[in-house]
Amino acid sequence: MATVHVTAPDGGYDIVIEPGLLSRVESWELHGSVVVVTNTTLAPLYGEKLAARLGAALVIVPDGEQYKTLEIVAQLYREFVSVGLDRSGTVIALGGGVVGDTAGFAAATYMRGVRLVQVPTSLLAMVDSSVGGKVGVDLPQGKNLVGAFKQPDIVLVDPSALTTLPQREWRCGLAEVIKHGLLADAALLEMASCSQNDTRAAAELVRRAVQVKVDVVQQDPFEQNIRAHLNLGHTFAHAIEQVSGYRWPHGEAVGVGLLAAARLSYRLNLCGASVPEQVERILKNIHLPHRLDNLDPQALYAAMATDKKWQSGRSRFVLLSEVGKAEIVEHIAPEYIISTLEELL
Ligand SMILES: NC(=O)c1ccc[n+]([C@@H]2O[C@H](COP(=O)([O-])OP(=O)(O)OC[C@H]3O[C@@H](n4cnc5c(N)ncnc54)[C@H](O)[C@@H]3O)[C@@H](O)[C@H]2O)c1
Ligand SMILES: [Zn+2]
């Protein structure tokens, strides 16, 4: 078992990582009446058993990013009222990032906020979305446009749940793990080739990847400066998602985005050639895409230029001076960016 403590301005909390945790609920300390929120995929796998063991109500939402909406939040409020959840109660968010963000937002706002326990089941949710206190939903106009900061009471991670995660989702989560490795923990880069069925190795991978995110959000809980480093690869990734009409899953776009960021860093002489070479080798190893599949570099650049983080039209990238050291670079000439993209066709 490993526990990572997070210090947050509005209340610190622990992240407990322990194989088998989902079936050992005797050790869970919960307050008031309890509601487990999960989705239609996870209810039969884990949700029904968990709610029964806890003697808790179970609320099931449909599975998919298209259901990360205010309509589903309204459904949750109605269910919370009907099962009698009051101000002293607890919402357990059991699922990937979509359930965590949606149920977390409902918990942040229902009766001006009730307790929240995050039980992430996807690799992305374990290492990324359940840590840092951001919750929220999408609007038809864009992703994550409504949200709040809501620190959980505790985050409970059972790495054995990763054995049922679809392989493609596992690889997508690995892209974020590699990002964390590039930002602050080179050992993660080699560990990322572990099997999702090797629960001990996965637990250690999750622990180290979580630690990187915790270190960053502790320094910058409200996203004012260093938390921007977590955008490594993401300026490219968001453009890839957008230009592909969201046919590219986020994690696959992040994989190529990390390679693009490393290559751009090398092109600007910030780092040596070994950094992009290492990123490319790892992507190949774990079968994440390492090429852009003919997405048009000009269209990708145009999509990036609309990024809200590019203040007054100045480009802004998180780049690498070495593995473990990121920096923000602004005002890069478009031709450097476009030729980096052309190399990846
Ligand atoms: N709050 C934050 O700070 C933050 C950070 C990063 C991403 N996010 C959000 O997270 C979301 C993406 O999260 P995600 O990648 O987990 O997607 P997801 O929640 O859609 O989960 C992916 C799929 O895997 C299934 N699944 C999850 N765990 C499983 C398991 N153990 N066994 C079998 N199936 C399982 C889910 O039902 C779903 O079909 C996005 O909405 C994104 O905006 C939030
Ligand atoms: Zn991401």
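Residues numbered from 1 in each chain as written. Chains lettered and ligands numbered in written order. Predicted model: local features only at pLDDT ≥ 70, side-chain atom pairs only at ≥ 80, totals over all residues. Heavy atoms only, no water.

1. Brief notes about the coordination of the zinc ion (ligand 2)
Selection rule: We call an atom a donor if it is N, O or S and sits within 2.8 Å of the metal, or 3.2 Å for Na, K and Ca. Water is not counted, so some sites may look partial. Secondary structure counts use DSSP, requiring at least four H or I residues in a row for a helix and at least two E residues in a row for a strand, with both numbered from the N terminus. Burial status follows relative accessibility: with a 1.4 Å probe on protein chains alone, a residue under 20% of its type maximum counts as buried, one over 50% as exposed, and anything between as partly exposed.
Here the zinc ion (ligand 2) is held by Glu176 (OE), His234 (NE2) and His250 (NE2), and the distances to it run 2.1 Å. Positions of the donor residues of the zinc ion (ligand 2) along the chain correspond to the pattern E-x57-H-x15-H. Pair noted here: Glu176 is in helix H5 (residues 167–184) and His234 is in helix H8 (residues 234–243), with a separation of 58 residues, a long-range link. Glu176 sits in the buried class, given a relative accessible area of 0%. On the accessibility criterion, His234 (6% relative accessible area) is buried.

2. Quick word on the site of ligand 1
Heads up, the rule is: Nearness is defined per residue: one heavy atom within 4 Å of the molecule or strand is enough. Any N or O atom pair separated by 3.5 Å or less is treated as a polar contact, with the protein-specific requirement of one donor-capable and one acceptor-capable atom, and with residues adjacent in sequence counted only for side-chain atom pairs. Working definition of accessibility: Shrake-Rupley area with a 1.4 Å probe, residue cover restricted to the visible protein chains.
Neighbouring ligand 1 are 26 residues; Glu65, Thr121, Ser122, Lys134 and Thr164 lie closest to it. The contact in question runs from an oxygen atom of ligand 1 to an N or O atom on the side chain of Asn39, over 3.0 Å. Within the side chain of Thr121, an N or O atom sits 2.8 Å from a nitrogen atom of ligand 1. When isolated, ligand 1 has an accessible area of 870 Å², and the protein chains bury 85% of it. Elements supplying a minimum of two residues to the shell around ligand 1: helix H1 (42–54), helix H3 (97–109), helix H4 (123–129) and strand E8 (142–149).

3. Some remarks on the domain arrangement of the protein
Stated formally: Domain start and stop positions are those given by an automatic or database domain assignment. In what follows, a contact means two residues having at least one pair of non-hydrogen atoms within 4.5 Å. Here the buried area means the combined drop in accessible surface, using a 1.4 Å probe, for two parts upon being joined, counting both sides. Criterion for a salt bridge: a side-chain nitrogen of Lys or Arg within 4 Å of a carboxyl oxygen of Asp or Glu. Here the term charged refers only to Asp, Glu, Lys and Arg, the term nonpolar to Ala, Val, Leu, Ile, Met, Phe, Trp, Tyr, Cys and Pro, and the term polar to all other amino acids, Gly among them.
Split into domains, the protein comes out as domain 1 (2–165) and domain 2 (222–343). The gap between the C-alpha centroids of domain 1 and domain 2 is 31 Å. On the domain 2 side, the residues contacting the 5 residues of domain 1 number 4 residues. Carbon and sulfur atoms supply 63% of the area buried between domain 1 and domain 2, which totals about 470 Å² over both sides. Three residues stand out in domain 1 for area buried against domain 2, namely Pro9, Lys134 and Phe149, and they jointly supply 63% of the buried area on that side. Where domain 1 packs against domain 2, one counts 0 salt bridges. Our enumeration of links across domain 1 and domain 2 arrives at 1 residue pair in polar contact (both at pLDDT 80 or more). Looking at the side of domain 1 that touches domain 2, its residues break down into 3 nonpolar, 1 polar and 1 charged.

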